[in-house]
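# Structural overview for review
One-letter residues, chain by chain:
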Amino acid sequence: ITLIAWVFFRAESVPQALFMISEIFSASLFEHPGFRFYTLGVLISSFMAVEWFGRKDRYAIEKILNTWYRPLRWLIYFCIIFAILYFGQQEQEFIYFKF
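Residues numbered from 1 in each chain as written. Predicted model: local features only at pLDDT ≥ 70, side-chain atom pairs only at ≥ 80, totals over all residues. Heavy atoms only, no water.

### Remarks on the overall build of the protein
- Assigned secondary structure in the protein consists of 5 helices and 0 strands.
- Starting at the N terminus, the α and β elements of the protein follow one another as α-α-α-α-α.
- Counting every position in the protein, which comprises 99 residues, the buried fraction comes to 11%.
- In the protein, once contacts between residues fewer than 6 apart in sequence are set aside, the share between residues at least 24 apart is 43%. (Helix = DSSP H or I, 4+ residues; strand = E, 2+ residues; numbered from the N terminus. Buried < 20%, exposed > 50% of the residue type's maximum accessible area, 1.4 Å probe, protein only. Contact = heavy atoms within 4.5 Å.)

Printed below as a string of structure tokens:
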């Protein structure tokens, strides 16, 4: 309910908000989402696996990555930083800016 209510804060008018909501629940919801969806799925799955295998330790990633070959560890660190920069590029203005 909260997410649907936020649409009214982002839209410039009520008809535009209703159009956005109708598009959210349209048949396009089940279409192929593209590369970013699969990349995000792989990242979430890998982070869940790291947490699962390291769940008994203080830091889950510490035990797993400290036993790996150093260049492989740095490659994983680079991939994490790249993912943060890639998925965090969306610029959005403050939601209450128009008020």
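More follows now that the structure is in view.
### Regarding a nonpolar patch on the surface
- On the surface, Ile-4, Phe-8, Val-14, Leu-18, Ile-24 and Phe-25 cluster together into a nonpolar patch covering about 560 Å² of accessible area.
- Listing elements by their share of the nonpolar patch, those giving two or more residues are helix H1 (2-10) and helix H2 (14-24).
- Among the elements that make up the nonpolar patch, the one with the highest residue count is H2 (3 residues).
- Of note, Val-14 is situated in helix H2. (Patch = residues over 30% accessible without salt bridge, like charges linked within 9 Å, V, L, I, M, F, W, Y side chains within 5 Å. Areas by Shrake-Rupley, 256 points an atom, 1.4 Å probe, with all protein chains shown as cover. Salt bridge = Lys/Arg side-chain N within 4 Å of Asp/Glu carboxyl O.)

### Considerations on the packing of H1 against H2
- Two elements in contact, H1 and H2, have axes whose closest approach is 8 Å; the angle formed by their N-to-C orientations is 140°. On the basis of their axis angle, the class for H1 and H2 is oblique. Between H1 and H2 the crossing geometry is right-handed. Counted together, Ile-4, Val-7 and Phe-8 of H1 and Val-14, Ala-17, Leu-18, Met-20, Ile-21 and Ile-24 of H2 form the full contact between these two elements. (Axes fitted to C-alpha atoms, helices over the stretch in contact; angles between N-to-C directions. Parallel < 35°, antiparallel > 145°, perpendicular 65-115°, else oblique. Left-handed = near helix turned anticlockwise from the far one by under 90°.)

### Topic: the packing of aromatic side chains
- All told, the structure shown has 2 aromatic pairs when counted by the stated rule.
- Seen in terms of ring centroids, Trp-74 and Tyr-77 are 5.6 Å apart; in terms of plane orientation they differ by 90°. Their pairing is edge-to-face. Highlighted residues: Trp-74 and Tyr-77, both in helix H5 (residues 70-87), separated by 3 residues, approximately one helical turn.
- Residue Trp-74 is classed as exposed on the basis of its relative accessible area, which comes to 55%.
- For Tyr-77, a relative accessible area of 31% corresponds to the partly exposed category.
- Here the aromatic rings of Phe-82 and Tyr-86 are separated by 5.8 Å at their centres, their planes lie at 15°, and the arrangement is stacked. (Phe/Tyr/Trp six-rings, centres within 6.5 Å; stacked < 30°, edge-to-face > 60°.)

### Some thoughts on the confidence of the model for the protein
- Of all residues in the protein, 77% have pLDDT values of 70 or greater, and the mean over the chain is 78.
- Summarising per-element confidence for the protein, the mean pLDDT is lowest in helix H4 (residues 60-66) (69) and highest in H2 (90). (pLDDT = per-residue confidence, 0-100.)

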